[in-house]
Amino acid sequence: MRINTLDLNLLLVLDALQRTHSVTLAGEQLCISQSGVSNALRRLRDAFSDELFVRTDNGMMPTPLAESMAEPIQAALQQIRQTIENRGCFDAASSTRHFRLALSDVGQVSLLPHLLSFFDKYAPNISLETVPLSRHGIAEQMSGGEIDLAIGVASPLGAGFFRRRFRSLRFVCVVSKDHPIIQGNISLEQFLRASFIEYEPAGGSYRHFREHADRLFEEKNIQRKVSVKMAYLSGIESIIASSDRIAVVTEALVTSMNLENKVQVLGLPFDIPTLDLTLQWHERINKDPAQVWLHKAVIQVVKNLGKDSIMPVNTGNSELSLALASSA
């Protein structure tokens, strides 16, 4: 026989008879009549060409064939029940789920260590993978299920994506502690005449600063001097500390790299609006309990940055209240 010719509902009757050895009790467990169980048993006998259960003084006893099928069928039915009944729950403590996060390298430096500490404590078997938060291909990869969550500064991904703001970024100026002129604060004139180190993370936060800075320099009719452009974040603090160049970075980067102990961290001499950090994900996974837990975990970790303790995330069925992003 082939499985596509068998009514799989009959396996529930087979399992109930195996456990109860009674047509009456099997019917009560399955909420069907005694005649319904008898009819199902007849169809099972026809399908397997075997009596399966034989009436004895001790009840309906299984034949060798029925006995050999009992354990694997019971295990399969149990797995199906758990899959259906637990569809709205996620047990982070026992899950072996693998998440892929799109992050800039700044995000990886500032967020990932704290997120891993949280996972080690409350979700020790979950694994994480990071991919670059690039400008191209993110939407397609998320639509195809290759990326679970994009974290950082990114434009709205358009229709079919959810977006949640979870933190604001402020820019600061970092300068060597031994700078011959700039000490304690930086004036607008000093800023305009400075030599800059530029580092542009893939997530796009630096573009926000550069747009406002370029507008300022254009208004002042001054060409901004960029003497170093860095492809990677590593070593930026050493270059700043050992030269008279300045750099503009986010406060989050200053904190995560402990820059305040190595260089001067100064407020900018002109106003730049804060920048929103967001979570973005595809609508296809919006109601997946594991994804809801992941979003809450990221937000919880960010809220606890700088605090002594990190609290566990509620792993129940509650969903974040979010609005579907409209197409830009």
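Above this text is the structure in question.
No experiment lies behind these values; they were computed from the predicted model shown.

**With respect to the overall build of the protein**
Argument step 1. Along its length, the protein carries twelve helices and twelve strands.
Argument step 2. By sequence separation, contacts in the protein at least 24 residues apart represent 75% of the contacts at least 6 residues apart.
Argument step 3. Put simply, the protein shows about 17,700 Å² of open surface, and 48% of that area lies on carbon and sulfur atoms.

**Examining unusual backbone geometry**
Argument step 1. With a phi close to 60°, Cys 31 is a non-glycine residue in the positive phi region.
Argument step 2. Cys 31 sits in the exposed class, given a relative accessible area of 71%.
Argument step 3. The phi torsion at Asn 221 lies on the positive side, around 60°, for a residue other than glycine.
Argument step 4. Note that Asn 221 resides in the loop between helix 9 (205–219) and strand 9 (225–230).
Argument step 5. Note on Asn 221: relative accessible area 72%, which makes it exposed.

**Details of the side chain of His 179**
Argument step 1. Positionally, His 179 belongs in the loop between strand 7 (171–175) and helix 8 (188–193).
Argument step 2. From its side chain, His 179 meets the backbone oxygen of Asp 244 in a polar contact 3.0 Å long.
Argument step 3. Non-local contacts of His 179, meaning those with residues more than four positions away in its chain, are made with Asp 244 and Gln 264.

**So, the pattern of salt bridges**
Argument step 1. If you walk through the whole model with that rule in mind, you get eleven salt bridges.
Argument step 2. Bridged by salt links that share partners, the residues Glu 198, Asp 214 and Arg 224 form one connected network.

**Topic: the nonpolar core**
Argument step 1. Counting residues in hydrophobic clusters, the biggest one holds 61 residues, and the most contacted among them are Phe 119, Ile 151, Phe 191, Phe 209, Ile 246, Trp 293 and Val 298.
Argument step 2. Looking at which element gives the most residues to this core, the answer is helix 12 (residues 289–303), with eight residues.
Argument step 3. Setting aside residues no more than four positions away along its own chain, Phe 119 makes contact with Phe 99, Pro 124, Ile 126, Leu 128, Trp 293, Leu 294 and Ala 297.
Argument step 4. Counting residues in hydrophobic clusters, the runner-up holds 21 residues, among them Leu 6, Ala 26, Leu 44 and Met 69.

**Side note on the environment of Asn 9**
Argument step 1. By secondary structure assignment, the location of Asn 9 is in the segment before helix 1 (10–20).
Argument step 2. We classify Asn 9 as exposed; its relative accessible area is 51%.
Argument step 3. When the C-alpha positions of Asn 9 and Ala 40 are compared, they lie 9.0 Å apart, and in sequence the two are 31 residues distant.

**Structural notes on the sheet that holds strand 5 (residues 149–152)**
Argument step 1. The strand order across the open sheet built from five strands is 4-3-5-12-6, with neighbouring strands paired in mixed fashion. Edge positions in the sheet fall to strand 4 (127–132) and strand 6 (161–169), since each of these pairs with one other strand and no more. Ignoring which end each strand starts from, the neighbouring axes of this sheet average 25° apart.
Argument step 2. Looking at chain direction, strand 5 and strand 12 (residues 275–282) are connected through three bridges and run antiparallel. In the strand pairing of strand 12, Gly 152 is matched with Thr 278.

**Digging into helix 1**
Argument step 1. Counting buried positions along helix 1 yields nine of eleven residues, so the element is predominantly enclosed.
Argument step 2. If you check which residues of helix 1 are buried, you get Leu 10, Leu 11, Val 13, Leu 14, Asp 15, Ala 16, Leu 17, Gln 18 and Thr 20.

**Digging into the packing of aromatic side chains**
Argument step 1. For the structure shown, the criterion picks out eleven aromatic pairs.
Argument step 2. For the pair Phe 118 and Phe 119, a centre-to-centre distance of 6.3 Å together with 55° between the ring planes defines the contact as tilted.
Argument step 3. On the accessibility criterion, Phe 119 (2% relative accessible area) is buried.
Argument step 4. For the pair Phe 191 and Phe 196, a centre-to-centre distance of 5.1 Å together with 80° between the ring planes defines the contact as edge-to-face.
Argument step 5. On the basis of relative accessibility, which here comes to 0%, the residue Phe 191 falls in the buried class.
Argument step 6. A network of ring pairs unites the aromatic residues Phe 90, Phe 118, Phe 119, Tyr 122 and Trp 293 as a single cluster.
Argument step 7. Between Arg 224 and the ring centre of Phe 196, over which it is positioned, the NZ or CZ distance is 5.0 Å.

**Quick word on the side chain of Gln 18**
Argument step 1. Assignment of secondary structure puts Gln 18 in helix 1.
Argument step 2. Taking relative accessible area as the criterion, Gln 18 reaches 19% and is therefore assigned buried.
Argument step 3. Each residue touching Gln 18, except ones within four places of it in the same chain, is listed here: Phe 53, Pro 62, Ala 66, Glu 67 and Ala 70.

Calculation rules
- Per chain, residues are indexed from 1 in the order of the written sequence.
- Owing to the predicted nature of the model, reporting of local features is limited to residues with pLDDT of at least 70; listing and counting of side-chain atom pairs is limited to 80 or more, with chain, interface and lining totals taken over all residues.
- As a rule here, side-chain values cover all heavy atoms of the structure and leave hydrogens and water aside.
- Secondary structure elements follow DSSP: runs of H or I no shorter than four residues count as helices, runs of E no shorter than two count as strands, and numbering proceeds from the N terminus.
- Residues are treated as being in contact if the distance between any of their heavy atoms lies within 4.5 Å.
- Here, Shrake-Rupley sampling with a 1.4 Å probe gives the accessible areas, and only protein chains in the shown set may cover a residue.
- To sort residues, take the accessible area from a 1.4 Å probe on protein chains only and compare it with the maximum for the residue type: under 20% means buried, over 50% means exposed, and anything in between is partly exposed.
- Throughout this description, a polar contact denotes any pair of N or O atoms lying within 3.5 Å of each other; where both atoms belong to protein, one of them has to be capable of donating a hydrogen while the other can accept it, and for residues adjacent in sequence the pair is counted only when both atoms sit in side chains.
- One side-chain nitrogen of Lys or Arg within 4 Å of one carboxyl oxygen of Asp or Glu is enough to make a salt bridge.
- Definition of nonpolar core: a set of buried residues of the types Ala, Val, Leu, Ile, Met, Phe, Trp, Tyr and Cys, connected through side-chain atoms within 4.5 Å.
- Here, strands pair whenever DSSP counts at least two bridges between them.
- Axis angles are defined between N-to-C directions and span 0 to 180 degrees, where every axis is a line fitted to C-alpha atoms and, for a helix, only to the segment in contact.
- Only Phe, Tyr and Trp rings are paired, with Trp represented by its six-membered ring, and only when their centres lie within 6.5 Å; those with planes under 30 degrees apart are stacked, over 60 edge-to-face, the remainder tilted.
- When the NZ atom of lysine or the CZ atom of arginine is within 6 Å of a ring's centre and also within 35 degrees of its normal, the charge is said to sit over that ring.

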